[in-house]
2 protein chains.
Amino acid sequence: MTLVLVVDDDIQIARALRINLSARGYRVAVAHDGAEALRAAAKARPDLVVLDLRLPGTDGISVISSLRAWTVTPIVVLSGRTDETTKIAALDAGADDYVTKPFGMDELLARIRAALRRSAVAARQADEPLVDTGSFSVDLGVKKVWRQGAEVHLTPTEWGMLELLVRNRGRLVTQKQLLADVWGPQYAGRSHYLRIYIAQLRQKLEPDPARPRHLITEPGMGYRLA
Amino acid sequence: MTLVLVVDDDIQIARALRINLSARGYRVAVAHDGAEALRAAAKARPDLVVLDLRLPGTDGISVISSLRAWTVTPIVVLSGRTDETTKIAALDAGADDYVTKPFGMDELLARIRAALRRSAVAARQADEPLVDTGSFSVDLGVKKVWRQGAEVHLTPTEWGMLELLVRNRGRLVTQKQLLADVWGPQYAGRSHYLRIYIAQLRQKLEPDPARPRHLITEPGMGYRLA
DNA sequence: ACCGGCTGTCAAAACCGCGTCAGGCCCATC
DNA sequence: GATGGGCCTGACGCGGTTTTGACAGCCGGT
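Each value, and the rule that gives it
Per chain, residue numbering runs from 1 following the sequence as it is written. Labels follow written order: the first chain is A, the first ligand is 1, and so on. This being a predicted model, a pLDDT of at least 70 is required before a residue's local features are given, and a value of 80 or more before pairs of side-chain atoms are given or counted; all residues contribute to the totals for chains, interfaces and linings. Processing note: side-chain calculations cover all non-hydrogen atoms of the structure and skip hydrogens and water entirely. Secondary structure elements are taken from DSSP: a helix is a run of H or I of four residues or more, a strand is a run of E of two residues or more, and numbering for both begins at the N terminus. Only protein chains enter the accessibility calculation, which uses a 1.4 Å probe; a residue whose area is less than 20% of its type maximum is buried, one above 50% is exposed, and one in between is partly exposed. Here, Shrake-Rupley sampling with a 1.4 Å probe gives the accessible areas, and only protein chains in the shown set may cover a residue. Paired strands are those between which DSSP finds at least two bridges. The angle between two axes is taken between their N-to-C directions and runs from 0 to 180 degrees, where each axis is a line fitted to C-alpha atoms and a helix contributes only its stretch in contact. Contact criterion: two residues are considered in contact whenever any of their non-hydrogen atoms come within 4.5 Å of each other. Criterion for a salt bridge: a side-chain nitrogen of Lys or Arg within 4 Å of a carboxyl oxygen of Asp or Glu. These descriptions rest on fixed angle ranges, namely under 35 degrees for roughly parallel, over 145 for roughly antiparallel, 65 to 115 for roughly perpendicular, and the rest for oblique. Handedness of a crossing is defined here by the sense of rotation of the near helix relative to the far one, left-handed for an anticlockwise turn of less than a right angle and right-handed for a clockwise turn. For this classification, the nonpolar set comprises Ala, Val, Leu, Ile, Met, Phe, Trp, Tyr, Cys and Pro, the charged set comprises Asp, Glu, Lys and Arg, and every other residue, Gly included, is treated as polar. Domain delimitation in this document rests on an assignment produced automatically or drawn from a domain database. Throughout, the term near means that a residue has one or more heavy atoms lying within 4 Å of the molecule or strand in question. A 3.5 Å cut-off defines polar contacts: any pair of N or O atoms within that distance qualifies, except that in protein one atom must be a possible hydrogen donor and the other a possible acceptor, and neighbouring residues in sequence count only when both atoms are side-chain atoms.

Here we come to the overall build of chain A. From N to C terminus, chain A includes eight helices and twelve strands. A total of 226 residues make up chain A; the buried ones form 44% of that total. Working note: accessible area of chain A is about 10,900 Å², and carbon and sulfur atoms make up 50% of it.

Another point: the sheet that holds strand β1 (residues 3-7) of chain A. Residue and element names in this part refer to chain A. Strand order across the open sheet formed by five strands is β2-β1-β3-β4-β5, with parallel pairing between neighbours. Edge positions in the sheet fall to β2 (27-31) and β5 (97-100), since each has one partner strand and no second. Geometrically, the sheet is characterised by an average inter-axis angle of 20° between neighbouring strands, direction not taken into account. Across four bridges, strand β3 (residues 48-52) lies against strand β4 (residues 75-79) in parallel orientation. Residue pairing for β4: Leu51 is matched across the bridge by Val77. Helix-sheet contacts for helix α1 (residues 11-23) involve β1, β2, β3 and β4, and the interaxial angle to β2 is about 165°. Strands in contact with helix α4 (residues 84-93) are β4 and β5; relative to β5, the strand with the most contacts, it is inclined by about 150°.

Moving on, we get to the pattern of salt bridges. Per the stated rule, a full pass over the model turns up 32 salt bridges over all chains. Close ionic contact of Asp96 of chain A with Arg68 of chain A constitutes a salt bridge, the shortest N to O distance being 2.8 Å. Of this pair, Asp96 of chain A sits in the loop between α4 and β5 while Arg68 of chain A is found in helix α3 (residues 60-68), placing the two residues 28 residues apart along the sequence. Here Lys204 of chain B and Glu158 of chain B are joined by a salt bridge, their closest N and O atoms 2.8 Å apart. You can see Lys204 of chain B sitting in helix α8 (residues 191-205) and its partner Glu158 of chain B sitting in helix α6 (residues 156-167), a full 46 residues away along the chain. What makes Lys204 of chain B partly exposed here is its relative accessible area of 26%. Given the relative accessible area of 2%, Glu158 of chain B is considered buried.

Turning our eyes to something else, we now look at the packing of α3 of chain A against α4 of chain A. All names here are of chain A. Interaxial distance between α3 and α4 falls to 9 Å at its minimum, and their mutual angle equals 10°. Classified by the angle their axes make, α3 and α4 are roughly parallel. As α3 runs across α4, the sense of the crossing is right-handed. Contacts from Ile61, Ile64, Ser65 and Arg68 in α3 reach Thr86, Ala89, Ala90 and Ala93 in α4. Across the contact of α3 with α4, the residue classes tally to five nonpolar, two polar and one charged.

All names here are of chain B. Across the two faces of strand β7 (residues 136-139) the burial is the same, with Phe136 and Val138 and Ser137 and Asp139 all buried. Pairing geometry for strand β6 (residues 130-132) and β7, over three bridges, is antiparallel. Residue pairing across strands places Asp132 opposite Ser137, the latter belonging to β7. In this antiparallel pair of consecutive strands, β6 and β7, the connection spans three residues, and Gly134 shows a positive phi of 105°. In this structure, β7 lies alongside strand β8 (residues 144-147), joined through four bridges in antiparallel fashion. Bridge pairing links Phe136 to Arg147 in β8. Taken together, β7 and the strand that follows it, β8, pair antiparallel across an intervening segment of four residues, in which Lys143 is found at a positive phi of about 60°.

Annotation of chain A at the domain level lists domain 1 (3-125) and domain 2 (130-225). Spacing between the C-alpha centres of domain 1 of chain A and domain 2 of chain A amounts to 37 Å.

So, on to the packing of helix α2 (residues 34-44) of chain B against helix α3 (residues 60-68) of chain B. All names here are of chain B. Relative to each other, α2 and α3 sit at 20°, their axes nearing to 10 Å. It follows that α2 is roughly parallel to α3 by the angle criterion. For the pair α2 and α3, the crossing hand works out as right-handed. Across the interface between the two elements, Gly34, Leu38 and Ala41 of α2 pack against Val63, Ser66 and Leu67 of α3.

Residue and element names in this part refer to chain B. Strand order in the open sheet formed by four strands is β6-β7-β8-β9, with antiparallel pairing between adjacent strands. Two strands in the sheet have a free side with no partner beyond their single neighbour: β6 and β9 (150-152). Each strand axis lies, on average, 25° off the axis of its neighbour in the sheet, ignoring direction.

Let us look at the protein's contact with DNA strand C. The immediate surroundings of DNA strand C are formed by 18 residues, with Arg202 and Thr217 of chain A together with Gln175, Arg202 and Thr217 of chain B found nearest. The side chain of Gln175 of chain A places a nitrogen or oxygen atom 3.1 Å from a phosphate oxygen of DNA strand C. Looking at the surface near DNA strand C, the elements that each hand over two or more residues are α8 (191-205) of chain A together with α8 of chain B. With five residues, α8 of chain A is the largest single contributor of residues to the surface near DNA strand C. Across the surface near DNA strand C, the residue classes tally to six nonpolar, eight polar and four charged.

The next point concerns the protein's contact with DNA strand D. By nearness alone, 20 residues border DNA strand D, and Thr157 and Tyr193 of chain A together with Thr155, Thr157 and Tyr193 of chain B come closest of all. Protein-adjacent atoms of DNA strand D, using a 4 Å cutoff, are sugar or phosphate at a proportion of 72%. Here His153 of chain B contributes a side-chain N or O atom positioned 2.9 Å from a phosphate oxygen of DNA strand D. Trp183 of chain B is positioned with one of its side-chain polar atoms (N or O) 3.1 Å from a phosphate oxygen of DNA strand D. Counting only elements with at least two residues in the surface near DNA strand D, the list comes to α6 (156-167) and α8 of chain A together with α6 and α8 of chain B. Residues that form the surface near DNA strand D fall into these classes: ten nonpolar, eight polar and two charged.

Shown next as structure tokens:
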């Protein structure tokens with residue numbers, strides 16, 4: 001799950017951010033000064049940092065520089081200072097965005113989403129999003145599937161279903177979601193299709209297709225990748 | 001050199017941007033409405049787009065969506081509208097940043113630098129100029145191809161396809177990606193073209209064109225360079 | 001035990017995508 | 001005006017994919 005590190009000495013703001021981010025499904029870590037922030041970032045490897053520039057002791061800009069020395073995780077700066085000079089210094093030090101207080105929570109959340117989306121795009125090309133279930137492994141970036149070392153050929157529809165299940169690994173994917181994602185929203189209700197293609201995926205990927213261990217049916221609801 | 005596409009119907013602002021960006025060493029293209037912007041983006045492939053949301057005719061948000069359908073080039077929105085709803089809509093449609101008028105030129109330039117820096121990090125992946133498949137080798141720098149020691153002549157279109165495949169060696173390149181990159185985003189669906197040119201590339205590059213070993217078809221999805 | 005709803009299986013039929021060939025257009029060159 | 005290379009268009013056959021239909025098994029409720 002996505003982890004956001006909030007760095008702010010203002011208890012009110014830190015609290016408000018924690019509540020709102022948690023409600024949106026992010027995990028949240030909090031630090032209250034620069035030194036703590038650097039320690040927390042090194043240890044927890046957050047996917048994004050929200051950083052207040054006015055911190056006790058440390059200078060905010062140098063916190064940005066210290067982070068940028070070893071990580072490219074997005075940094076969204078939050079600040080009371082509206083002067084251009086500070087904004088430019090922060091952005092050039094490596095910040096990804098700069099929001100001035102007072103700020104609208106919804107806007108900040110949208111900017112966080114935008115920053116995360118960008119880094120997700122970058123990561124999808126760089127990293128190897130290789131998922132391994134134990135019986136077979138899937139590379140989402142390259143669009144390939146292996147089973148026992150050998151590559152398995154999937155048709156486009158099979159791949160579409162598997163991709164959605166892999167992206168939601170462990171979670172239940174409803175029949176409606178699957179049909180909407182692979183065939184289109186107007187195909188809701190054609191659960192017949194799902195049975196056909198789940199069966200085919202099990203044939204190709206499960207060690208014992210009759211006793212599925214990974215492509216699990218949740219009766220009445222949908223399917224889940226274990 | 002870095003190319004920035006400025007989309008603004010306000011002549012003053014477009015002029016000011018052109019001057020300031022040029023002075024900073026960027027190449028600048030200008031469009032004055034949404035349709036022109038989409039055409040220019042497809043043709044010139046800018047490294048970044050500065051987009052005014054209030055355009056004659058077109059809705060700015062839909063311009064963002066249209067661009068995002070085929071490119072990840074950073075989009076910095078410039079707008080007179082300060083309401084949160086619009087900001088959020090623009091960011092969620094795929095904008096990377098949102099600057100409200102009146103804006104400080106230096107801040108805007110800093111935000112542009114920040115956006116370009118991010119995408120540069122992502123782009124620094126495919127920087128391997130000489131690629132060898134075993135049957136033929138490609139030099140992306142000088143745009144040449146050899147097979148069995150002899151240079152092979154490719155037409156511009158053939159080269160465009162091969163280049164994209166080489167840059168994504170091993171990973172699946174979808175038909176949409178190929179068409180958008182070589183012909184332009186409005187050619188999505190013309191998969192016929194791909195078959196013609198893949199066939200020609202195979203004739204020129206594969207040891208046995210009837211049994212391709214490198215230019216692999218992934219039926220229904222796209223092609224892959226092995 | 002019977003039924004309805006849901007899931008899994010099988011096979012045939014309809015459909016679509018790929019590769020291929022041939023021909024026509026455009027444009028630069030001679 | 002003729003030539004030729006490069007690009008686009010149309011038609012066709014083949015093979016694989018998707019869709020359809022029919023049937024069997026499982027389970028909870030009646």
